[in-house]
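If you want the building blocks of each chain, they are given just below.
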Amino acid sequence: NTNMLIADKKDYRKGYKKHYELYKRLKSENSNVNSRRLLLIYCVECGLKYMLLDKWCENSPKKILDSNDKIKKDILKSHNLEKILKELGQ
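It should be emphasised that the depicted structure is a prediction, and the values quoted were computed from it without experimental measurement.

J.: How do you make sense of the confidence of the model for the protein chain when you look at a structure like this?
T.: Predicted coordinates in regions of low pLDDT should not be interpreted in detail. The predicted model of the protein chain has a mean per-residue pLDDT of 91, with 97% of residues at 70 or higher. Across the protein chain, element-level confidence peaks in helix 5 (residues 81-87) with a mean pLDDT of 96 and bottoms out in helix 3 (residues 61-66) with 87.

In structure tokens form, the structure reads like this:
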């Protein structure tokens, strides 16, 4: 898909930090619990995908997405935290 956004390790690290900082700020302001939970899920997903790319020794997900490795491609595109955790050995 030519319209797909591709994030690298740097993007995932920044996403993790950005979502976590916003989560902490909203928590201190006692903001909506559901909004905070959603931010925390995004934070965890970014952190886990950063760890995946680190485990696979890849900085560029484009190499994975362009490869024939269907398992890695599916996991990288997934929002299923359980599937990502399983790949990380958790």
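Read on, since the account is not over.
J.: When you look at the pattern of salt bridges in this model, what are you seeing that I'm missing?
T.: It is possible for side chains bearing opposite charge to pair when their charged atoms get close. If you walk through the whole model with that rule in mind, you get seven salt bridges. With a shortest N-O distance of 3.7 Å, R25 and E29 are connected by a salt bridge. The shortest N-O distance in the salt bridge between K70 and D74 comes to 2.9 Å. On the criterion of helical spacing, the pair formed by K70 and D74 is a turn pair, its members being four residues apart in helix 4 (residues 70-77).

J.: Explanation requested: the packing of helix 2 (residues 33-55) against helix 4 in the structure shown.
T.: Any two packed helices are characterised by how steeply their axes cross, that is the angle between the axes, and by the distance between the axes. Contact geometry of helix 2 with helix 4 gives a least axis separation of 10 Å together with a crossing angle of 155°. When the axis of helix 2 is compared with that of helix 4, the two are roughly antiparallel. The chirality of how helix 2 crosses helix 4 is left-handed. Residues K49, L52 and L53 of helix 2 touch helix 4, and the partners they reach there are I75, L76 and K77. Looking at side-chain class alone, the contact of helix 2 with helix 4 contains four nonpolar, no polar and two charged residues.

Analysis parameters
Residues numbered from 1 in each chain as written. Predicted model: local features only at pLDDT ≥ 70, side-chain atom pairs only at ≥ 80, totals over all residues. Heavy atoms only, no water. pLDDT = per-residue confidence, 0-100. Helix = DSSP H or I, 4+ residues; strand = E, 2+ residues; numbered from the N terminus. Salt bridge = Lys/Arg side-chain N within 4 Å of Asp/Glu carboxyl O. Axes fitted to C-alpha atoms, helices over the stretch in contact; angles between N-to-C directions. Parallel < 35°, antiparallel > 145°, perpendicular 65-115°, else oblique. Left-handed = near helix turned anticlockwise from the far one by under 90°. Contact = heavy atoms within 4.5 Å. Nonpolar A, V, L, I, M, F, W, Y, C, P; charged D, E, K, R; others polar.

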